[in-house]
Amino acid sequence: MKCRVCRGPAVIDVRRHNAAFCPDHFVTHCREQVRRAITDHHMIDPEHRIVVAVSGGKDSLALWDLLVGLDYQPDGVYLGLGIGEYSNDSLDHARAYATDRGVTLHEVDLAAEQGFTIPAAAAATHRAPCGACGLSKRHLLNRFALEHHYDTVATGHNLDDEAAVLLGNVLRWETEYLARQHPVLPATTGFARRIKPLVRLGERETAAYCVIRGIDYQVDECPMAAGNRHLHYKDVLNRLEQRSPGSKAAFFHGFLDHAHDRFADHPDGDDTGAHLGRCTECGAPTTTDVCAFCRLRHRATSRP
Ligand code: Q46
Ligand code: ZN
Ligand code: ZN
């Protein structure tokens, strides 16, 4: 296996590009994919202050490193979810990266600041933990960005993640979610801009990128992920990709090129925030008196 660029020994092949790369040219390949995603989707203006949502896993640390490699100057923010040892280890990885590379990591702790953890929220709501977790992440990372004057929250969602979410949304024709499934969600009243610069890289690529760049990431899966239906969709898509390399990218990027606008025009896709009121407790935009996050906090912190 030879590097497509220099013909030296290759360390990884990327079947959907029908190419293999040596370590240096693989890093260049990853940077180029992120640069293209940023350019194609007008993700970043030079004056934007960016904060990366850092979990300590391969995707978010690769994203942080790739943005730095492309001469952006993002800070990171870690949200402690209180998922036992898994969260403690994840924080250690995020801190180690920040210390090694001399970049700024902010920390937000769900238990210390809101009085509950994700396992407690799952127990209180009798629901799968990922729902409460996703809601908490969106709410608290957005609040952090607004309070600290970051324009943009960058998240490490990769091509595999986005294709799996798209498959789930299409299977149920979730038109509202399809309208919002895009690598850029512009800033609206009460919401910072959100971007996903890794949509052109698969998780095998972000893992290889971390290994080549010497980034020590959390390799364990979240112990609360069992039952997350996106894992099942990823499995289905991986089998498709195995037989037909490029299927995931064609599915997701084809959706962006040919179909997303049709859903964005849907009235459910209105994301201007203009029709939203304010949560009476935290001030976040909401269609109800008390926002979904504050309702979750009440349930998770009230004694049975
Ligand atoms: S951290 Fe949270 Fe994930 Fe764990 S509880 Fe589910 S959503 S699986 S990215
Ligand atoms: Zn090479
Ligand atoms: Zn609220």
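Below you will find a few notes about this structure. Residue indices begin from 1 for each chain and proceed along its sequence in written order. All chains are assigned letters beginning at A, and all ligands numbers beginning at 1, according to the order in which they are written. Local features in a predicted model are, by the rule used here, given only for residues with pLDDT of at least 70; side-chain atom pairs are given and counted only at 80 or more, and totals for whole chains, interfaces and linings are based on all residues. Heavy atoms from the whole structure form the basis of all side-chain values; hydrogens and water molecules are not counted.

## Overview of the sheet that holds strand E6 (residues 152-154)
Heads up, the rule is: Paired strands, in this sense, are two strands between which DSSP finds at least two bridges. The numbering of helices and of strands both runs from the N terminus, where a helix is a DSSP run of H or I of at least 4 residues and a strand a run of E of at least 2. Working rule for contacts: check all heavy atoms of both residues, and any pair within 4.5 Å makes them a contact. Geometry is summarised by axes, namely lines fitted to C-alpha atoms with helices restricted to the contacting stretch, and by angles between N-to-C directions that run from 0 to 180 degrees.
The strand order across the open sheet formed by six strands is E5-E4-E3-E6-E8-E7, and the pairing between neighbours is mixed. Edge positions in the sheet fall to strand E5 (105-109) and strand E7 (184-185), since each has one partner strand and no second. Across two bridges, E7 lies against strand E8 (residues 193-195) in antiparallel orientation. From the neighbouring strand, Val-184 faces E8, where its bridge partner is Ile-195. Against the sheet, helix H2 (residues 58-69) contacts strand E3 (50-54), strand E4 (75-80), E5 and E6, and its axis sits at roughly 155° relative to E3. Strands E3, E4, E5, E6 and E8 of the sheet are contacted by helix H6 (residues 129-147), whose axis makes an angle of about 140° with E4.

## Describing helix H1 (residues 23-40)
Short version of the rule: Helix span, expected: 1.5 Å multiplied by one less than the number of residues in the helix. Here the term buried applies to any residue with accessible area under 20% of the maximum for its type, exposed to any over 50%, and partly exposed to those in between, with areas from a 1.4 Å probe on protein chains only.
The terminal C-alpha atoms of H1, which comprises 18 residues, lie 26 Å apart, in line with the 26 Å expected from a rise of 1.5 Å per residue. Of the residues making up H1, those classed as buried are Phe-26, Val-27, His-29, Cys-30, Gln-33, Val-34, Ala-37 and Ile-38. Considering only its buried residues, H1 is in contact with strand E1 (12-14), strand E2 (19-21), H2 and helix H9 (203-213). At the C-terminal side of H1, His-42 shows a positive phi close to 50°.

## Remarks on the coordination of the zinc ion (ligand 2)
Geometry reference: four tetrahedral donors at a metal, ideal angle 109.5 degrees. Six octahedral donors, ideal angles 90 or 180 degrees. How we decide: Donor atoms (N, O, S) are those found within 2.8 Å of the metal centre, with the cutoff raised to 3.2 Å for Na, K and Ca; water is not part of the atom list, so apparent gaps in a site can occur. Every angle between 85 and 135 degrees makes a four-donor site tetrahedral, while opposite donors more than 155 degrees apart, with all other angles between 65 and 115, make a four-donor site square planar and a six-donor site octahedral; other sites are irregular.
Donor atoms from the polypeptide that bind the zinc ion (ligand 2) are Cys-3 (SG), Cys-6 (SG), Cys-22 (SG) and His-25 (ND1), placed at 2.1 to 2.3 Å. Taken together, the four donor atoms coordinating the zinc ion (ligand 2) and their angles of 97 to 114° define a geometry best described as tetrahedral. Each donor residue of the zinc ion (ligand 2) belongs to the same chain, with the gaps between them written as C-x2-C-x15-C-x2-H. Of this pair, Cys-3 sits in the segment before E1 while His-25 is found in helix H1, placing the two residues 22 residues apart along the sequence. With a relative accessible area of 23%, His-25 lands in the partly exposed category.

## Structural notes on the nonpolar core
The tendency in soluble globular proteins is for nonpolar side chains to be buried side by side. Put simply, the test is: Remark: nonpolar core denotes a set of buried residues (Ala, Val, Leu, Ile, Met, Phe, Trp, Tyr, Cys) joined through side-chain atoms within 4.5 Å.
Among the nonpolar cores identified, the biggest contains 53 residues, and Phe-26, Trp-64, Leu-66, Leu-67 and Tyr-209 are the most heavily contacted of them. When residues no more than four places from it in sequence are discounted, the contact partners of Tyr-209 are Phe-26, Val-27, Cys-30, Arg-31, Ala-62, Asp-65, Leu-66 and Ile-215. With 28 residues, the next largest nonpolar core counts Phe-116, Ala-145, Ala-192 and Met-224 among its residues.

## Remarks on the pairing of E4
Of all six residues in E4, six are buried; the element is thus mostly enclosed. Side chains Asp-75, Val-77 and Leu-79 of E4 all project onto a buried face; the interleaved residues Gly-76, Tyr-78 and Gly-80 project onto the opposite face, where all are buried too. The sheet contact formed by E3 and E4 spans four bridges and is parallel. Residue pairing for E4: Val-51 is matched across the bridge by Asp-75.

## Let's talk about helix H5 (residues 118-125)
The cut-off we apply is this: Read the arc as the range of directions from the helix axis to the C-beta atoms. We call two N or O atoms a polar contact when they sit within 3.5 Å, provided that within protein one can donate a hydrogen and the other can accept it, with sequence-adjacent residues counted only if both atoms are side-chain atoms.
Listed as buried for H5 are Ile-118, Ala-121, Ala-122 and Thr-125. The buried residues of H5 all sit within an arc of 100° when viewed along its axis, so they share a single face. Near the N-terminus of H5, the side chain that reaches the backbone nitrogen of Ala-120, with its oxygen 3.2 Å away, is that of Thr-117. His-126, located one to two residues past H5, shows a positive phi value of around 55°.

## Section: the site of ligand 1
To keep things clear, this is the line we draw: What makes a residue near a molecule or strand is one non-hydrogen atom of that residue sitting within 4 Å of it. Lys, Arg, Asp and Glu make up the charged group, whereas Ala, Val, Leu, Ile, Met, Phe, Trp, Tyr, Cys and Pro make up the nonpolar group; the residues left over, Gly among them, are polar.
Around ligand 1, the neighbouring residues are Leu-81, Cys-130, Cys-133, Lys-137, Cys-222, Met-224 and Ala-225. Its residues assigned to classes, the shell around ligand 1 shows six nonpolar, no polar and one charged.

## Some thoughts on the pairing of E3
This is how the line gets drawn: A clockwise course of the path from the first strand over the helix to the second, judged with the strands pointing away from the viewer, identifies a crossover as right-handed.
Burial within E3 is extensive, with five of its five residues counted as buried. Here E3 shows two buried faces, one formed by Ile-50, Val-52 and Val-54 and the other by Val-51 and Ala-53. Examined bridge by bridge, E3 and E6 share three bridges and lie parallel to one another. Along E6, the bridge assignment pairs Ile-50 with Thr-152. Regarding topology, H2 serves as the crossover connection from E3 to the parallel E4, and that connection is right-handed.

## So, the packing of H6 against helix H13 (residues 292-301)
Angle between the axes and distance between the axes: these two values describe a pair of packed helices. Counted only if it meets this: Roughly parallel refers to an angle under 35 degrees, roughly antiparallel to one over 145, roughly perpendicular to one between 65 and 115, and oblique to any angle outside these ranges. By definition, any crossing whose near helix is turned counterclockwise from its far helix by less than a right angle is left-handed, and any crossing with a clockwise turn is right-handed.
Following both chains from N to C, one finds H6 and H13 inclined at 125°, their axes separated by 10 Å at the closest point. Between H6 and H13, the angle falls in the class oblique. At the point where H6 passes H13, the crossing takes the left-handed sense. Mapping the contact onto sequence places Ala-132, Leu-135, Ser-136, His-139 and Leu-140 in H6 and Ala-292, Phe-293 and Leu-296 in H13. Grouping the amino acids of the contact of H6 with H13 by side-chain chemistry returns six nonpolar, two polar and no charged.

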